[in-house]
Amino acid sequence: MSTETVVAALDATGIPYELTQHARARSLVEAAELQGVEPSRIVKTLVVRRGEDDYLFVLVPGDRTISWPKLRALLGVSRLSMPDAAVAKDVTGYERGTITPFGASRSWPVVADERVQGTISLGGGAHGVGVRLAADDAVRVLGATVADVTDEAPAT
């Protein structure tokens, strides 16, 4: 998958977006600095395994982390896990750090943390590429379930 795949998927939705490019970042904080936004505006698309060949995308603000108890409760399951990088690429078509629900190889369900609001930046299908768009538009076209599924990230 590539940025062209992301652009085609976004164009098909009709929602406005801006493609941004910057140097490859070594961390989310560095990506935020390169894009001139707060870390909370960078939204990580995390791939979560619910079961055999059953995954979902979780949209998490950059300054937060998944709350496993909250996500398990929302989904009504007792066990969730994060696949390794190779499996994540296999089930989405994107490398870690570039993953987005837009144009993914499979259309997995999407859960968005309730703090995903305002103008956000999602992965753009390639390192150093982001997609800036309105969170409400992304949630709507992705049919995302919005819930409180994160905790404050520990200080680094």
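Coordinates for the structure precede this section.
Sequence positions are assigned chain by chain, starting from 1 and proceeding in written order. Local features in this predicted model are restricted to residues whose pLDDT is 70 or higher, and side-chain atom pairs enter the listing and the counts only when it is 80 or higher, whereas totals over whole chains, interfaces and linings include all residues. Where side-chain values are given, they derive from all heavy atoms of the structure, hydrogens and water being excluded.

1. With respect to the overall build of the protein
Counting its secondary structure elements, the protein contains 5 helices and 9 strands. Strands are runs of DSSP state E lasting at least 2 residues, helices are runs of H or I lasting at least 4, and numbering of each runs from the N terminus. Reading the secondary structure of the protein in the N-to-C direction produces α-β-α-β-β-β-α-α-β-β-β-α-β-β. For a compact globule the rule gives 2.2 Å times the number of residues to the power 0.38, and the radius of gyration it is set against comes from C-alpha atoms. For the protein, the C-alpha radius of gyration of 14 Å lies close to 15 Å, the compact-globule estimate for 156 residues. Along the longest, intermediate and shortest principal axes, the C-alpha atoms of the protein span 40 × 35 × 30 Å. Three exposure classes are used, based on accessible area relative to the maximum for each residue type with a 1.4 Å probe and protein chains only: buried under 20%, partly exposed in between, and exposed over 50%. Looking at the protein residue by residue over its 156 residues, the buried ones come to 44%. The contact rule is simple, with two residues in contact once any of their heavy atoms fall within 4.5 Å. Partitioning the contacts of the protein with sequence separation of at least 6, the portion at a separation of at least 24 is 64%. When the accessible surface of the protein is summed, it comes to about 7,800 Å², and 47% of that surface belongs to carbon and sulfur atoms. Taking the average place of the 16 positive charges on the side chains of the protein and the average place of its 20 negative ones, the gap between the two points comes to 4 Å. We get accessible surface area from the Shrake-Rupley algorithm with a probe of 1.4 Å; when it comes to residues, only the shown protein chains can shield them. In summary, the charge assignment counts Lys and Arg as positive and Asp and Glu as negative, without counting His or the chain termini. Where a charge sits is defined by one atom per residue type, namely NZ (Lys), CZ (Arg), CG (Asp) or CD (Glu).

2. Here we look at the sheet that holds strand β3 (residues 54-61)
Strand pairing in a sheet is mediated by backbone hydrogen bonds. Such pairs are either parallel or antiparallel. Strands sit in the order β2-β3-β5-β8 across an open sheet of 4 strands; the sheet is mixed. The sheet terminates laterally at β2 (43-51) and β8 (145-147), the two strands that pair on one side only. Strand-to-strand, the axes of this sheet are offset by a mean angle of 25 degrees, without reference to chain direction. Pairing of β3 with strand β5 (residues 110-113), which is carried by 3 bridges, proceeds in the parallel orientation. Residue pairing across strands places Val 58 opposite Val 111, the latter belonging to β5. By definition, two strands form a pair when at least two bridges between them are found by DSSP. All axes are obtained by fitting lines to C-alpha atoms, using only the stretch in contact for helices, and the reported angles, taken between N-to-C directions, cover 0 to 180 degrees.

3. Overview of the side chain of Ser 121
Secondary-structure assignment places Ser 121 in strand β6 (residues 119-123). The definition of a polar contact used here is a pair of N or O atoms within 3.5 Å, where within protein one atom must be able to donate a hydrogen and the other to accept one, and adjacent residues in sequence count solely through side-chain atom pairs. Reaching out from Ser 121, the side chain makes a polar contact with the side chain of Gln 35 at a distance of 2.9 Å. Sequence-distant contacts of Ser 121, that is, excluding residues within four places in its chain, are made with Gln 35, Arg 41, Ile 42, Val 43, Gly 130, Val 131 and Arg 132.

4. A closer look at the environment of Pro 101
Relative to the elements of secondary structure, Pro 101 occurs in the loop between α4 (85-92) and β5. For the pair formed by Pro 101 and Ala 9, sequence separation is 92 residues and the distance between their alpha carbons is 9.4 Å. Filtering out sequence-adjacent residues up to four positions away, Pro 101 remains in contact with Thr 45, Phe 57, Leu 59, Val 110 and Leu 142.

5. Description of the sheet that holds strand β7 (residues 129-134)
Spatially, 3 strands are ordered β1-β7-β6 in an open sheet, and the strand pairing comes out antiparallel. Each end of this open sheet is capped by a strand with a single partner; those strands are β1 (18-21) and β6. Taken over all neighbouring pairs, the strand axes of this sheet differ in orientation by 35 degrees on average, direction set aside. When β6 meets β7, the two strands line up antiparallel, connected through 5 bridges. Paired with Gly 123 across the two strands is Gly 130, which belongs to β7. Relative to β7, helix α1 (residues 3-13) is tilted by about 15 degrees, and along the sheet it contacts β1 and β7.

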